[in-house]
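Commentary on secondary and tertiary structure
Next come the chains, spelled out residue by residue.
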Amino acid sequence: MVRPPLTLEERLRGEQLGLVLRQARGERSIVEIAAAAGMSAETLRKIETGRIATPAFFTIAALADVLGISLDRLADHSTPAPT
């Protein structure tokens, strides 16, 4: 199955989500946070850099829990301003 290309809005939203997650992670290592959330460090790295622009809900929920941030905050800060 071929996945359709992401729209510009989806790519921007993924980049913004990655920025919020990086800021919430602070000085903690990618390896530490990824392990606590039950994923590989490479997966977290891809999410933080926007290469996985539309991660699964449960992936984001696990990261939010480990980082101590609410899903509402992630949603509020991960939506780019309209162009």
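Structure first, text after, so check above.
What you are looking at is a predicted structure, and each value in this text was computed from that prediction instead of being measured.

With respect to the helices, strands and loops of the structure, threonine 79 is situated in the segment after α5 (71-77). Since its relative accessible area comes to 51%, threonine 79 is described here as exposed. Sequence separation of threonine 79 and aspartate 65 is 14 residues, and the distance between their C-alpha atoms is 20 Å.

This part covers the nonpolar core. Leu21, Leu44, Leu63, Ile69 and Leu74 are the most contacted members of the largest nonpolar core, which totals 17 residues. Counting only elements with at least two residues in this core, the list comes to α1 (8-25), α2 (30-37), α3 (41-48) and α4 (57-67). Ignoring sequence-local partners within four residues, the contact set of leucine 21 consists of Ile47, Glu48, Ile60, Leu63, Leu67, Ile69 and Leu74.

Quick look at the packing of aromatic side chains now. Enumeration according to the criterion identifies 1 aromatic pair in this entry. Ring geometry for phenylalanine 57 and phenylalanine 58: centres 5.2 Å apart, planes at 80°, overall edge-to-face. Considered together, phenylalanine 57 and phenylalanine 58 belong to a single accessibility category, that of exposed residues.

Here is what the cut-offs are and how they apply
- Residues numbered from 1 in each chain as written.
- Predicted model: local features only at pLDDT ≥ 70, side-chain atom pairs only at ≥ 80, totals over all residues.
- Heavy atoms only, no water.
- Helix = DSSP H or I, 4+ residues; strand = E, 2+ residues; numbered from the N terminus.
- Buried < 20%, exposed > 50% of the residue type's maximum accessible area, 1.4 Å probe, protein only.
- Core = buried A, V, L, I, M, F, W, Y, C linked by side-chain atoms within 4.5 Å.
- Contact = heavy atoms within 4.5 Å.
- Phe/Tyr/Trp six-rings, centres within 6.5 Å; stacked < 30°, edge-to-face > 60°.

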